[in-house]
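Given next are the chains, with one letter for each unit.
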Amino acid sequence: MGEKLLTVAEVATMLNISRDTVRRMFITEPGVINVGPSHGASRRYRVLRIPLGVLNRVMAAREINHAEQAGRTEQ
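Residues numbered from 1 in each chain as written. Predicted model: local features only at pLDDT ≥ 70, side-chain atom pairs only at ≥ 80, totals over all residues. Heavy atoms only, no water.

(A) Focus on the pairing of strand β3 (residues 48-51). Taken together, the 3 bridges between strand β1 (residues 5-7) and β3 define a ladder with antiparallel strand orientation. Paired with L6 across the strands is I50, a residue of β3. Here strand β2 (residues 33-34) pairs with β3 via 2 bridges, running antiparallel. Each residue of the ladder has a partner; that of I33, found in β3, is R49. (Pairing = 2+ DSSP bridges. Helix = DSSP H or I, 4+ residues; strand = E, 2+ residues; numbered from the N terminus.)

(B) Representation of the environment of L48. By the secondary structure assignment, L48 is in strand β3. In sequence terms L48 and V35 are 13 residues apart; their C-alpha atoms lie 5.9 Å from each other. Not counting residues within four places of it along the chain, the set of residues in contact with L48 comprises L6, T7, V8, R23, I27, V32, I33 and N34. (Contact = heavy atoms within 4.5 Å.)

(C) Representation of the nonpolar core within the structure. Grouped together as the largest cluster of nonpolar side chains are 13 residues, with contacts concentrated most on V11, V22, F26, V32, I50, V54 and L55. Of all the secondary-structure elements, those providing two or more residues to this core are α1 (8-15), α2 (19-26), β3 and α3 (52-74). (Core = buried A, V, L, I, M, F, W, Y, C linked by side-chain atoms within 4.5 Å. Buried < 20%, exposed > 50% of the residue type's maximum accessible area, 1.4 Å probe, protein only.)

(D) Geometry of unusual backbone geometry. Non-glycine residue N16 carries a positive phi angle of around 55°. Mapped onto the fold, N16 is located in the loop between α1 and α2.

(E) Region of interest: the sheet that holds β1. Sheet architecture is open: 3 strands sit in the order β1-β3-β2, paired in antiparallel fashion. Edge positions in the sheet fall to β1 and β2, since each has one partner strand and no second.

(F) Quick look at α1. Three or more residues of α1 are buried, namely V8, V11 and A12. One face of α1 carries all of its buried residues, which in axial projection span an arc of 100°. Just downstream of α1 lies N16, where phi reads positive at about 55°. (Arc of directions from axis to C-beta.)

If you want it as C-alpha cells, here you go:
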C-alpha cells in the first residue's frame, strides 16, 4: 500500500488555513496529484491529493524559512 493521500479539506483543517490557501501552496509542489480539471467543465476545477510526505516536506521548509527570516530581523 502507498503513502497516505490527503484532501485539500483535510490539509486545510490540519493547518487551520483556507482551502484556497492550501491549493495555492501545493498546486506546483512535486509529488502532489492533480486529478482535475475535468474535460468539458464550464469552470476551473482542480482536485488535488497531497501525499503526507509532501505535506511534511513543505511544512519543514516553511519552518526553516520562518526561522531564517526571524534571525535576520533580530540582527
